[in-house]
Amino acid sequence: MPRYVMAFDAGTTSNRCILFEEKGIVCSVAQKEFRQIFPKPGWVEHDANEIWSTQMSVAAEAMKQVNAKAKDIAAIGITNQRETTILWDRKTGEPIHHAIVWQCRRTSEICDRLKEEGLTSMIREKTGLVIDAYFSATKIMWLLDHVSGAREKARRGDILFGTVETWLIWKLTRGKVHVTDYSNASRTMLFNIQTLSWDEDILRTLDIPREILPTILPSSHIFGMTDKSFFGEPIPIAGAAGDQQAALFGEACFSAGEAKNTYGTGCFLLMNTGESPVFSQNGLVTTVAWGINDRVYYALEGSIFVAGAAVQWLRDELGIINTAEESETVALQVEDTNGCYIVPAFTGLGAPYWDQDARGCIVGLTRGVNAKHLVRAVLESIAYQTADVLAVMQEDSGLALTALKADGGAAKNNFLMQFQADIIDVAVHRPACVETTALGAAYLAGLAVGFWDSIETLKSHWKIDRIFEPWMPDDVRREKLSAWNKAVARALNWS
C-alpha cells in the first residue's frame, strides 16, 4: 500500500517537495531556491524551465530521504505561486518568454487603461477581482503584444497559457494534460466565478484567444498520470490549488467564517465564506477557495504583496542580517522601533489600498535609529498590514474573528506572532505543522485517490503548537496603529 502523499510546493522564491504520511505528519522535505530576475524596477520574472528543473530535483531528493519509490506515493498534489504567467510553444514545449511573476508591475499602464475604459464593474462582478497588474490577464496581454509572432501563434492554438501548476502538470504528463483548477483559474481575471467558466466577454474585450487557455477542473481531482520516465512508474496527479487556498484547506478552515493568514513572501489573509461568494466593499477580492465533491467553496482574500520579501531585503540588499531567522533575535534586542516605521510597498500596495503607484518608505527616522530598529520595524510592518486587511474583512463578512490561524515560514517567528496578536487584539493560533500550504495540496490529492476518506478525518489531524494571546494595552495599540496609518499615507501614489 502507498505510504505517502507527495506535495509539490512551487513557491515564489523556491520550490519544495514534502512527503506526508496518513496522519498529516511531514516525513521528508527538500527545498531549492531559484533565480529572481529583475529586468527593470518593478519588473519580476522567473525562468519557467528552472522552476521545472528545481521542482523535479527536490522531488527526487525528498523521495531519497525516505527511500521512497513510485509505488509508495499515493498521489501528487501541487500548490503554487498564483497569478504568475507562463506562455509556451505547444509543439516544442519551450516558454516563449520568462514567466511574469505575480509581483511584477509592468502592466500597470494596461490596468489604468482598462479602468479608464470603464471595465472595473464588469471585471468585479464577473471575476470577484479588482483590475490590477497582480492578476494574470494583463500579463498575458503584455506577452502576446511584446513577443514577436506570439499573438498569431496563439490564435492558431500553437501557444499555451498556464499558471505554475498548469505548467508543471503539462511537463509531468509530457504534454498530454493542459488543465488548471478552480482556485487558480479564479486568479487570472478571466474566470467567471459564478458560471465557473472562462468568460467570453472578458476574453473578447482583452483580445485573449480562448485557444490558449487550459481546461478547468475541481481542485481535488485526478488530472492525469506522471510519465513513467520521471519516477519509474506513473503516479496520479490528483490535487491542485493556489498556495493561499491550499493553506486555507491545510489549516482545516472548512467552515464559513474560519480564517488564516499565511506569512510567506507576501502575506495572504483568507476567510472561508462557504458556497456563496461575498463581494467586498473595502478592497478585498472574492476568490474560489476550492472545488471538491461536486461543490465549490469561496473565500474573501486580502493580499499583501511584501511580507517575508521585506526580511529578504534586509538580508540581501541591506546586509544587516545574515539569515531570515536572525530577524527575531535582532528585533528582541531593542524595546521598540524608536519611532521608526517601514512601509514595504516595493511593488505597490495590495488590499485594502490597491495602489500600484505606492512605493516603500521609511518614516520617523531620527539620529538614534539603528539597524536593529529597522529589523524590528520590518517585522512590525507585516503585522500592521495584516491588521489593515483583517479590519475590513470583518466588516465585509459581518463576522468577528475569535482567533487567527497562522502558517508559512514567518509564522515560526515568535516575536512577529506575539506582535500580531497584540496589534489585532485577537489570539493567534500557530499549528503544530506550519507547512499547511503543502499539506493542503496533499490533502486535496489524497482525498481524490482515497488515501484519506473524509474532511472529518483531516480535521482530527489539526493540532495547535502555540497560542499567542494579546497583552498590549488598548491606548498603546491605538497609538501605534495611528502612526502606521500616517506612514502608509506617505507611501501612497509615489510613482
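It should be emphasised that the depicted structure is a prediction, and the values quoted were computed from it without experimental measurement. (Residues numbered from 1 in each chain as written. Predicted model: local features only at pLDDT ≥ 70, side-chain atom pairs only at ≥ 80, totals over all residues. Heavy atoms only, no water.)

## Here we look at the sheet that holds strand E18 (residues 295-304)
Part 1 of the reasoning: Pairing is mixed in the open sheet, where seven strands are placed in the order E17-E18-E16-E15-E21-E22-E23. Every other strand in the sheet has two partners, leaving strand E17 (285-292) and strand E23 (464-468) as the edge strands with one partner each. Pairs of neighbouring strands in the sheet enclose a mean axial angle of 30°, with direction left out of account.
Part 2 of the reasoning: Looking at chain direction, strand E15 (residues 259-263) and strand E16 (residues 267-274) are connected through five bridges and run antiparallel. By the bridge assignment for E16, Asn 261 is matched with Leu 269.
Part 3 of the reasoning: Contacts from helix H14 (residues 414-424) reach E15, strand E21 (403-407), strand E22 (427-431) and E23 within the one sheet, and its direction differs from that of E22 by about 145°. (Pairing = 2+ DSSP bridges. Helix = DSSP H or I, 4+ residues; strand = E, 2+ residues; numbered from the N terminus. Axes fitted to C-alpha atoms, helices over the stretch in contact; angles between N-to-C directions. Contact = heavy atoms within 4.5 Å.)

## Comments concerning the pairing of strand E1 (residues 4-10)
Two faces, one strand: in a regular strand the side chains alternate between the faces of the sheet.
Part 1 of the reasoning: Burial analysis of E1 places seven of its seven residues in the buried class, the great majority of the element.
Part 2 of the reasoning: The alternating pattern of E1 places Tyr 4, Met 6, Phe 8 and Ala 10 on one face and Val 5, Ala 7 and Asp 9 on the opposite face, and all of these are buried.
Part 3 of the reasoning: Bridge analysis of E1 against strand E5 (residues 73-80) gives six bridges, and the strand direction is parallel. Along E5, the bridge assignment pairs Ala 7 with Gly 77.
Part 4 of the reasoning: Pairing between E1 and strand E2 (residues 14-20): six bridges, direction antiparallel. Looking at the pairing, Phe 8 lines up with Cys 17 of E2.
Part 5 of the reasoning: With antiparallel pairing between neighbouring strands as the criterion, E1 and E2 make up a hairpin whose turn holds three residues. (Buried < 20%, exposed > 50% of the residue type's maximum accessible area, 1.4 Å probe, protein only.)

## Concerning the packing of aromatic side chains
Part 1 of the reasoning: On inspection of all chains with the given rule, the structure shows 25 aromatic pairs.
Part 2 of the reasoning: Taken together, a centroid distance of 6.3 Å and an interplanar angle of 40° make the contact between Tyr 182 and Phe 191 tilted.
Part 3 of the reasoning: A centroid spacing of 5.2 Å and a plane angle of 55° characterise the contact between Trp 313 and Phe 346, whose relative ring orientation is tilted. Here the residue Trp 313 occupies a position in helix H11 (residues 308-318), and Phe 346 occupies one in the loop between strand E19 (341-343) and strand E20 (361-363), the gap between them amounting to 33 residues.
Part 4 of the reasoning: Ring pairs connect the aromatic residues Trp 102, Tyr 134, Phe 135, Phe 268, Phe 305 and Trp 354, which therefore count as one cluster.
Part 5 of the reasoning: A cation over an aromatic ring shows up here: Arg 82 above the ring of Phe 268, its NZ or CZ 5.3 Å from the ring centre. (Phe/Tyr/Trp six-rings, centres within 6.5 Å; stacked < 30°, edge-to-face > 60°. Lys NZ or Arg CZ within 6 Å of the ring centre and 35° of its normal.)

## Section: helix H1 (residues 48-65)
Part 1 of the reasoning: Given a rise of 1.5 Å per residue, 18 residues ought to cover 26 Å, and the 26 Å separating the end C-alpha atoms of H1 matches this to within 8%.
Part 2 of the reasoning: Those residues of H1 not exposed but buried are Ala 48, Glu 50, Ile 51, Trp 52, Thr 54, Gln 55, Met 56, Val 58, Ala 59, Ala 62 and Met 63.
Part 3 of the reasoning: You can read the cap of H1 off the contacts: a side-chain oxygen lies 2.9 Å from the backbone nitrogen of Asn 49, and it is on Asp 47.
Part 4 of the reasoning: Downstream of H1 by one or two residues, Asn 67 has phi in the positive range, about 55°. (Expected span 1.5 Å × (residues − 1). Polar contact = N/O pair within 3.5 Å; in protein donor to acceptor, adjacent residues only side chain to side chain.)

## With respect to the state of the cysteines
Part 1 of the reasoning: Throughout the structure, instances matching the rule amount to zero disulfides.
Part 2 of the reasoning: Of all cysteine sulfurs in the structure, the one in Cys 27 sits closest to Cys 17, which takes part in no disulfide; the separation is 12 Å.
Part 3 of the reasoning: Between Cys 104, a free cysteine, and Cys 111, which holds the nearest cysteine sulfur, the sulfur-to-sulfur gap is 11 Å.
Part 4 of the reasoning: Take Cys 104: its relative accessible area is 1%, and that puts it in the buried class. (Disulfide = S-S within 2.5 Å.)

## Regarding the environment of Tyr 384
Part 1 of the reasoning: Structurally, Tyr 384 is set in helix H13 (residues 371-397).
Part 2 of the reasoning: Exposure remark for Tyr 384: the relative accessible area of 1% places this residue in the buried category.
Part 3 of the reasoning: Between the C-alpha atoms of Tyr 384 and Trp 484, which are 100 residues apart in sequence, the distance is 7.2 Å.

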